[in-house]
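# Structural characterization, general
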Amino acid sequence: GISFLRKRHWQEHYDLSMDLFEAASKCALAIGDLVSLNILSEQILTFAKTFEEKLNAMYNTVTALGYTSQLKESVKRSILILSQLGETIPESSSY
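Small disclaimer: the values here were computed from a predicted structure and weren't measured.

### Some remarks on the pattern of salt bridges
According to the stated counting rule, one finds two salt bridges in the structure shown. One salt bridge connects Arg8 with Glu12, and the closest N-O pair in it is separated by 3.6 Å.

Shown next as structure tokens:
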């Protein structure tokens, strides 16, 4: 479906664009296509209007980092996301 979107799809068909990019992002994570996942997530993070709309893309990215044994970066980003949600996580260098 993404290939059929026009150049200004984020401005003209925002909801459809979000739905398609989120679905494609989940599929990319499920099959381990991390290159596509990163490209799709960057689009979502760039054009999403609210922090809440960015959460699924951030979750998928953090999960992919965990899958690729980049646990330290995964934890670091997870803590950053939680802090943006208002949660206080004590810092520890043991992860």
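### Quick notes on unusual backbone geometry
We note that Ser69 has phi near 60°; this positive angle belongs to a residue other than glycine. A residue is classified by how much of its surface remains accessible, and Ser69, at 63% relative accessible area, is exposed.

### Some points on the packing of aromatic side chains
Throughout the structure, instances matching the rule amount to three aromatic pairs. Measuring from centroid to centroid gives 5.1 Å for Trp10 and Phe21, while their planes differ by 45°, and the two rings are tilted. Of this pair, Trp10 sits in helix α1 (residues 9-12) while Phe21 is found in helix α2 (residues 14-31), placing the two residues eleven residues apart along the sequence. Look at Trp10 and you get buried, because its relative accessible area is 5%.

### What about the side chain of Thr63?
Mapped onto the fold, Thr63 is located in helix α4 (residues 51-67). Under the relative-accessibility criterion, Thr63 is labelled buried at 14%. For Thr63, the side chain forms a polar contact with the main-chain oxygen of Tyr59, separated by 2.8 Å.

Thresholds applied
- Numbering of residues starts from 1 in every chain and runs along the sequence as written.
- Under the rules for a predicted model, residues below a pLDDT of 70 receive no local features and side-chain atom pairs below 80 are neither given nor counted, while totals for whole chains, interfaces and linings still include all residues.
- Excluded from the side-chain calculations are hydrogens and water; all other atoms, namely the structure's heavy atoms, are used.
- For this analysis, a salt bridge means a side-chain nitrogen from Lys or Arg found within 4 Å of a carboxyl oxygen belonging to Asp or Glu.
- Type-normalised accessible area, obtained with a 1.4 Å probe on protein chains alone, sets the label of each residue: buried when under 20%, exposed when over 50%, and partly exposed for intermediate values.
- Between the rings of Phe, Tyr and Trp (Trp by its six-membered ring), a pair exists once the centres lie within 6.5 Å; its type follows the angle of the planes, with under 30 degrees stacked, over 60 edge-to-face, and the other angles tilted.
- Runs of H or I in DSSP of at least four residues are treated as helices and runs of E of at least two as strands, each being numbered from the N terminus.
- A 3.5 Å cut-off defines polar contacts: any pair of N or O atoms within that distance qualifies, except that in protein one atom must be a possible hydrogen donor and the other a possible acceptor, and neighbouring residues in sequence count only when both atoms are side-chain atoms.

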